[in-house]
Amino acid sequence: EDERFAIQLISFRSESSVRPFAERFGIVDEARYMLSDNAGQTWYLVFLGNFATREEARAAVEALAPAFLELKPWVRPLPAGTSLVPVGPATESQP
């Protein structure tokens, strides 16, 4: 498996913030996330897409809706074997 690229939208300190973010932006089925350790702190990084090249990912960033662009998304390489966790599928709201 080769290196892939994805668009990182945002990161959170709490896993419980990931799904509400995806729901607010309507991307529960598309969004994926992974854990990252930075200076001893755990972060939950939220991504869109799975691209073979950096250029494909950059083109996808340019096509994002303005609400996403306000987050200042960027293209990140994902080394071979990187595992991303799906946020979805969407669930019905509980009464």
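Conventions adopted
- Residues numbered from 1 in each chain as written.
- Predicted model: local features only at pLDDT ≥ 70, side-chain atom pairs only at ≥ 80, totals over all residues.
- Heavy atoms only, no water.
- Pairing = 2+ DSSP bridges.
- Helix = DSSP H or I, 4+ residues; strand = E, 2+ residues; numbered from the N terminus.
- Core = buried A, V, L, I, M, F, W, Y, C linked by side-chain atoms within 4.5 Å.
- Buried < 20%, exposed > 50% of the residue type's maximum accessible area, 1.4 Å probe, protein only.
- Contact = heavy atoms within 4.5 Å.
- Arc of directions from axis to C-beta.

## Examining the sheet that holds strand β4 (residues 74-78)
Step number 1: Read across the open sheet, the five strands follow the order β4-β1-β3-β2-β5; overall the sheet is antiparallel. Two strands in the sheet have a free side with no partner beyond their single neighbour: β4 and β5 (85-86).

## Quick word on the nonpolar core
Step number 1: If you look at the biggest cluster of nonpolar residues, it comprises 21 residues, and the most contacted ones within it are Ile 7, Leu 9, Val 18, Ile 27, Val 46 and Val 87.
Step number 2: At the level of secondary structure, the elements contributing two or more residues to this core comprise β1 (4-12), α1 (18-25), β3 (41-51) and α2 (54-62).
Step number 3: Apart from residues no more than four positions distant in its own chain, Leu 9 is found in contact with Phe 21, Ile 27, Val 46, Leu 48, Leu 64, Phe 68, Leu 71 and Pro 73.
Step number 4: Ala 6, Leu 45, Phe 47 and Leu 84 belong to the second-largest nonpolar core, a separate cluster that totals six residues.

## Describing unusual backbone geometry
Step number 1: The backbone of Ala 39 shows a phi angle near 55°, a positive value even though the residue is not glycine.
Step number 2: With respect to the secondary-structure elements, Ala 39 resides in the loop between β2 (32-38) and β3.
Step number 3: Non-glycine residue Lys 72 carries a positive phi angle of around 60°.
Step number 4: Within the secondary structure, Lys 72 is located in the loop between α3 (66-69) and β4.
Step number 5: Accessibility expressed as a relative area gives 64% for Lys 72, which makes it exposed.

## Considerations on the environment of Leu 69
Step number 1: Structurally, Leu 69 is set in helix α3.
Step number 2: With a relative accessible area of 36%, Leu 69 lands in the partly exposed category.

## Quick word on the pairing of β2
Step number 1: Sheet topology note: the β2/β3 ladder contains seven bridges and is antiparallel. Paired with Met 34 across the two strands is Leu 45, which belongs to β3.
Step number 2: Of the pairings in the sheet, the one linking β2 to β5 comprises two bridges and is antiparallel in character. Each residue of the ladder has a partner; that of Tyr 33, found in β5, is Val 85.

## Some points on α1
Step number 1: Every buried residue of α1 is accounted for by Val 18, Phe 21 and Ala 22. For α1, the arc enclosing every buried residue in end-on projection is 95°, short of the 170-degree limit, so these residues lie on one face.
Step number 2: Where the residues of α1 are buried, they touch β1, β2 and β3.
Step number 3: The first or second residue beyond α1 is Gly 26, which carries a positive phi of 70°.

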